[in-house]
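# A structural walkthrough
Okay, here's what each chain looks like letter by letter:
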Amino acid sequence: MTPHMDHNSTPHDPDASEQAPGERRQISRKGLLKAALVASAAPLLAGGGVALARDAASTGNGPLAPTPECDDGDDPTPPQMEGPYFKPNSPRRTSLVTPSTPGVPLTVSGYVFGRSCRPISGALLDFWQADTNGSYDMAQFNFRGHQYTAADGSFSLTTIVPGLYPGRTRHIHVKAQAPGGRILTTQLYFPNEPRNNTDALFDPELLMNVRNVGNGRQGSFDFVLDVAQTPGPSEPPTKPPTEPGTSWASGTSYRAGDRVTYGGVAYRCLQAHQAISGWEPPNVPALWERG
């Protein structure tokens, strides 16, 4: 078992399987068949997005299935498979960009849950990705950073849409670890990418919900770590459905279809979530629409 790391380091398994940076992965026939078979396997929301763990948790329909690990399409998943571009000891930060960073702005947010639908506070998330040209920085720590989930299990990452490089679809790498737990090494994918059907690593269960917002994009994904939990009577937090005209309030659990007012304007909830400061309806069009 890998210990939970301190704030100045990130997990790394020295026995992890890696390729040389210049070596291109061979996409197998089995991998191609897998991608074709599972292209429509991810559960969907009524609005067409991928179902999030928070939606399943809010219904109380039993334990959540853990987030799948990265798989090479042929062999059993090697523990801590991370590919050739991981670097330990990334800086602690929630933004991987500056105002002058080239690329399409992207915000990825969500929650980390255990198997019993309860949020995990202080879970480590270590992200790394390619820049807009499809290149990884191996000399420094550009587009690399780790963070810890808040008390309600939430996280938010500010970055750009990663570029493409030969043999892979668009993706973001991540290591996720509950305090004292084992490390999950996986990847997040973008919907409607042509290369999703030919990438042997692609798994539809790892698709983010992504929408265009202004000149950028917003993605959401909930991680479910394989952590045993004692189910709580009200975890994730639930409250009675909101009535039209109810004021938005931080800490409230909203369901799709709930209506609130904020700043004198009416909004309708698009995705079930627990509100936190900074997620006021005008700020998160992925969660709220006017009307």
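Since the structure is predicted, the reported quantities are computational estimates derived from the model, not experimental observations. Here the residue numbers are simple positions, counted from 1 along each chain's written sequence. It should be noted that, the model being predicted, local features are given only for residues of pLDDT at least 70 and side-chain atom pairs only at 80 or more, the latter also being counted only at that level, while totals for whole chains, interfaces and linings use all residues. Computation of side-chain values: all heavy atoms of the structure, hydrogens and water removed.

## Regarding the pairing of strand β6 (residues 183-189)
For every residue, the accessible area obtained with a 1.4 Å probe (protein chains only) is divided by the maximum for its type, and the residue is called buried under 20%, exposed over 50%, and partly exposed between those limits. Put simply, DSSP marks the helices as runs of H or I at least four residues long and the strands as runs of E at least two long, and each gets a number from the N terminus on. Of all the seven residues making up β6, seven are buried; the element is thus mostly covered by neighbouring parts of the structure. In β6, alternate side chains face the same way, and those of I183, T185, Q187 and Y189 on one face and L184, T186 and L188 on the other are all buried. Of the pairings in the sheet, the one linking strand β5 (residues 171-177) to β6 comprises seven bridges and is antiparallel in character. Each residue of the ladder has a partner; that of I172, found in β6, is L188. The antiparallel pairing of β5 with β6 creates a hairpin that spans five residues between the two strands, and G180 there sits at a positive phi of about 75 degrees. DSSP bridges decide pairing: two strands pair if at least two such bridges lie between them.

## Regarding the pattern of salt bridges
For side chains bearing opposite charge, pairing can occur when the charged atoms are close. The salt bridge definition used is simple: a Lys or Arg side-chain nitrogen within 4 Å of an Asp or Glu carboxyl oxygen. Scanning the entire structure with this criterion turns up six salt bridges. Note that R182 is salt-bridged to E69, the shortest N-O span being 3.4 Å. Taken together, the positions of R182 in the loop between β5 and β6 and E69 in the loop between α2 (53-59) and β1 (105-113) put the pair 113 residues apart, joining distant regions of the chain. Under the relative-accessibility criterion, E69 is labelled partly exposed at 21%. Across the salt bridge formed by R168 and D199, the nearest N and O atoms sit 2.6 Å from each other. Of this pair, R168 sits in the loop between β4 (154-160) and β5 while D199 sits in the loop between β6 and β7 (209-213); the two residues are 31 residues apart in sequence, bridging distant segments of the chain. Accessibility classification places R168 together with D199 in one group, the buried group.

## Concerning the side chain of H171
Of note, H171 is situated in strand β5. On the basis of relative accessibility, which here comes to 3%, the residue H171 falls in the buried class. A distance of 3.2 Å separates polar atoms of two side chains, one belonging to H171 and the other to Y136. What makes two residues a contact is simply this: any of their non-hydrogen atoms within 4.5 Å. Setting aside chain neighbours within four positions, we find H171 in contact with Q129, Y136, P162, Y165, Q187, L188, Y189 and F190. Here a polar contact is taken to be a pair of N or O atoms separated by no more than 3.5 Å, where protein atoms must pair a possible hydrogen donor with a possible acceptor and residues adjacent in sequence count only if both atoms sit in side chains.

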